[in-house]
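Listed below, chain by chain, are the residues.
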Amino acid sequence: MAITRRSFLKGVATTSAASVIGPSLLASASASAAETDGTWKVSGSHWGAFRARVYAGKVQEIKPLEIDQHPTEMLKGIKGIIYSPSRVRYPMVRLDWLKKHKYSADTRGNNRFIRVTWDEALDLVYRELERVQKDYGPWALHTGQTGWRQTGQFHSCTNHMQRAMALHGYSVKKIGDYSTGAGQTIMPYVLGSTEVYAQGTSWELILENSDNIVLWGNDPVKNLQVGWTCETHESFAYLEQLKEKVAKKEINVVSVDPVQNKTGRYLENEQMYINPQTDVAFMLGVAHVLYNEGLYDKKFIDTYCLGFEDFIKYVQGETKDKVEKTPEWASAICGASADSIRDFAKMLVNGRTQILVGWSIQRQEHGEQPYWMCAVIAAMVGQIGLPGGGISYGHHYSGIGVSSTGFAAPGSFPLNIDQGQSPKHTNTDYNGYSRVIPVARWVDSLLEPGKKIKANGSTVTLPDIKMMVFSGNNPWHHHQDRNKMRKAFKSLQTVVAVDFAWTATCRHSDIVLPACTQWERNDIDGYGAYSGRGLIAMHKLVDPLFQSKTDFEIMSSLTKRWGRYDDYTRGMDEMQWVKSLYDDCRASNEGKFEMPEFAEFWEKGFLDFGKGQPWTRHASFREDPEINALGTPSGFIEITSRTVGNMGYEHCQEHPMWFEKSERSHGGPGSEKHPYWLQSCHPDKRLHSQMCESEEWRATYAVQGREPIYINPTDAKKKGIKNGDVVRVFNDRGQLLAGAVLMDSYASGVVRIEEGAWYGPINEKVGALDTYGDPNTLTQDIGTSELAQATSANTCLVNFEKFQGKLPPVTSFGGPIEVA
């Protein structure tokens, strides 16, 4: 399974990347069409920019733009998204909801729907919005959502839905996201910003100055295939250079991970195996060595940090649990030997060290602690603000670390209503409930309305939600504990889903509206979320299939029903909006980047602004911490936070600490019954749940039509499981089927099922077997702590066995059961 440099350069085909480059980006459509039948059109995606050959009204072929030297193979899955059997073809309404008026229905999720006209569907949505606002109030409608949506600045589905809903009335919203909920909440108290979405030190400076790179739960080779906007894949050129430097022993790279991940296999770097969820214990042992052997940078701590003394007393065993955090203490928890902990600590201060932290380690119970503790370790090393040193929490995301040109990307369709406008329903009485809730606590709201929870210094009263609206968003992928969700959804009266694919969210909705894909409409998008490399025209490739419409058309028609059409559209159609966003972008970049008139840009399809200038994160703070203070309460790095401490939380106190988990493998709580830790990381062949519906692409990695479960060969042998067997994976929360893939990259006691696998239970009953392999059938839905209340997906133990009996068919894909 090792990734060679040759295979890394292959791109989207079995030949070299150069052989799949399309015609010149600036060539006319007619010139391109002369080579093959059809017309080449430019567009983009989370997986990169490409040219599509369109012939006879259908996308025939997709090739990456020549500027992308490291295109991802996932471009092969795009056609399968457009022409998927799982497309939402027509407006549909759940049978029992429409015919039997069963708002609290045991049959929710049975996938039985009636086809209706667009007018009938939109009338029903309007009727329900009116009923909920009049009979209850804004507290009963939830329009907060989070998700990756499709690319394109104008057709951002979240913006369209929330602007339309805001023109009708007020509703419950969310704060935070599933990706980085714990990290983005704790880091402003420690380093003064969320850090997780901040530009990091440029790769050029890391490669030039770093002696050591620590990849902490971080897999950039896998995750950098996708981006928030159209991805450039420029990071991979630096990863190639890093691989060469590792081979020449010019840079020492160490992965701290219970799994030898894709990056580790590609770089062939050193591996520090530690038991799952024990990062903080390991780091506390490292801190003990740095302090007691006088290896830490005392001058940096004294100049740039606050609260070190209180923290080190905890490490020395003088406070809290009165346990000294020696390497031997840490070893008993994390599994690494005491000597290896000492060696790791000494490595950190042997030259310039860059710590690159992944998001996975904060998606666990007490997920705030490892992020805080990583910052403390970086502060003790004393290289924060130096090129090739310090810490980053995002070098695996959307090209963070690729130097930015400074190009100001285009704005988007406005999320909020315009100044001076007011909604139809102006009621702002939330009946004592909170109007904003942590993103991962909406299921708790359905099960325990009125419950008060602590969250980031406030008390949140969970609202009694009656109606939810989702648009381009699949909570039946990203939320945890499917069977808890099934119980919770029975309390909802109405669920509306706007999507192009028949996801599990659509199956559990009452009204489903068919949106088109991003390749069936016109738009623009920034090329390179952080690099600002350029601007791409997303030309419509084909007309919307079946009866699907753009989000703009859907919400325009809806707002017309209460007289807000003009307020919603501002009197512009699709191309007028696209041109407007381009013209505003052009004005914002005047004097910095030469941008032609819109018509010329649209004809060219792409603008390239070149490469940016290298930059070091936190350099200005290091240069002068008084003038360039951080955003923390003190302006300094807060190793101990009085603000957090004064909140009085049990599981997130004034400095980072080790807290035992409710479930932990390798001898931890719950491991006797369910001994295997389930890792549900970001997938290698999808973007979360996007592209799972692409049939030909899914067939390249599925096992007997199921999502793979990666197992250590020794663990599999004990249970009589061979490569390709179907496995039943289970715990007290649920059960699923998955296809066994045996790999010695996984430590004993660790299994992986990548998140984003579509949920497909055999029936609508709570506890039903999931036929395809959605790991969130097994994960637990608990908050990280009272601070962030974020997702804890990686605090999950399971057991598994070879499946016996007749295999049930996979039910995850395809459309609804249409009832006449």
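This one's a predicted model, so the numbers in the text were calculated from it and none came from an experiment.

Quick notes on the rules
- Residues numbered from 1 in each chain as written.
- Predicted model: local features only at pLDDT ≥ 70, side-chain atom pairs only at ≥ 80, totals over all residues.
- Heavy atoms only, no water.
- Helix = DSSP H or I, 4+ residues; strand = E, 2+ residues; numbered from the N terminus.
- Phe/Tyr/Trp six-rings, centres within 6.5 Å; stacked < 30°, edge-to-face > 60°.
- Buried < 20%, exposed > 50% of the residue type's maximum accessible area, 1.4 Å probe, protein only.
- Lys NZ or Arg CZ within 6 Å of the ring centre and 35° of its normal.
- Domains from an automatic or database assignment.
- Contact = heavy atoms within 4.5 Å.
- Buried area = accessible area lost by both parts, 1.4 Å probe.
- Salt bridge = Lys/Arg side-chain N within 4 Å of Asp/Glu carboxyl O.
- Polar contact = N/O pair within 3.5 Å; in protein donor to acceptor, adjacent residues only side chain to side chain.
- Nonpolar A, V, L, I, M, F, W, Y, C, P; charged D, E, K, R; others polar.
- Pairing = 2+ DSSP bridges.
- Axes fitted to C-alpha atoms, helices over the stretch in contact; angles between N-to-C directions.

Draft legend 1. Structural view of the environment of G705. Within the secondary structure layout, G705 lies in the loop between α28 (695-698) and β25 (708-711). Put simply, G705 and E250 are 455 residues apart on the chain and 44 Å apart in space, counted from C-alpha to C-alpha.

Draft legend 2. Region of interest: the packing of aromatic side chains. This structure, assessed with the given rule, holds 46 aromatic pairs. An angle of 85 degrees between the planes, with centres 5.1 Å apart, marks the rings of Y527 and F606 as edge-to-face. One end of the pair, Y527, is in strand β20 (residues 523-527); the other, F606, is in strand β22 (residues 606-608), with 79 residues separating them in the sequence. For the residue pair Y527 and F606, the accessibility class agrees, reading buried in each case. Sitting over the face of the ring of Y759, R482 holds its NZ or CZ atom 5.8 Å from the ring centroid. If you follow R698 out to its NZ or CZ, it ends over the ring of F813, 3.6 Å from the centre.

Draft legend 3. Examining the domain arrangement of the protein chain more closely. Its domain assignment divides the protein chain into domain 1 (92-178 + 408-608), domain 2 (200-403 + 616-647) and domain 3 (676-818). Relative placement of domain 1 and domain 2: their C-alpha centres are 37 Å apart. Listed as interface residues are 16 residues of domain 1 and, on the opposing side, 15 residues of domain 2. Of the roughly 1,400 Å² buried at the junction of domain 1 and domain 2 (both faces included), carbon and sulfur atoms supply 62%. Taken together, domain 1 and domain 2 are joined by one salt bridge. Linking domain 1 with domain 2 are eight residue pairs in polar contact (both at pLDDT 80 or more), by the criterion used here. No other element matches β20, which puts three residues into the side of domain 1 that touches domain 2. Within the side of domain 1 that touches domain 2, the residues separate by chemical class into six nonpolar, seven polar and three charged.

Draft legend 4. Structural context of the sheet that holds β20. Taken together, the three strands give an open sheet; going across it, the order is β20-β21-β22, and neighbouring strands pair in antiparallel fashion. At either margin of the open sheet sits one strand with a lone partner, and together these are β20 and β22. Neighbour-to-neighbour, the strand axes of this sheet turn through a mean angle of 15 degrees, independent of strand direction. Relative to β22, strand β21 (residues 534-538) runs antiparallel, the two sharing three bridges. Opposite I536, over in β22, you have F606 as the bridge partner.

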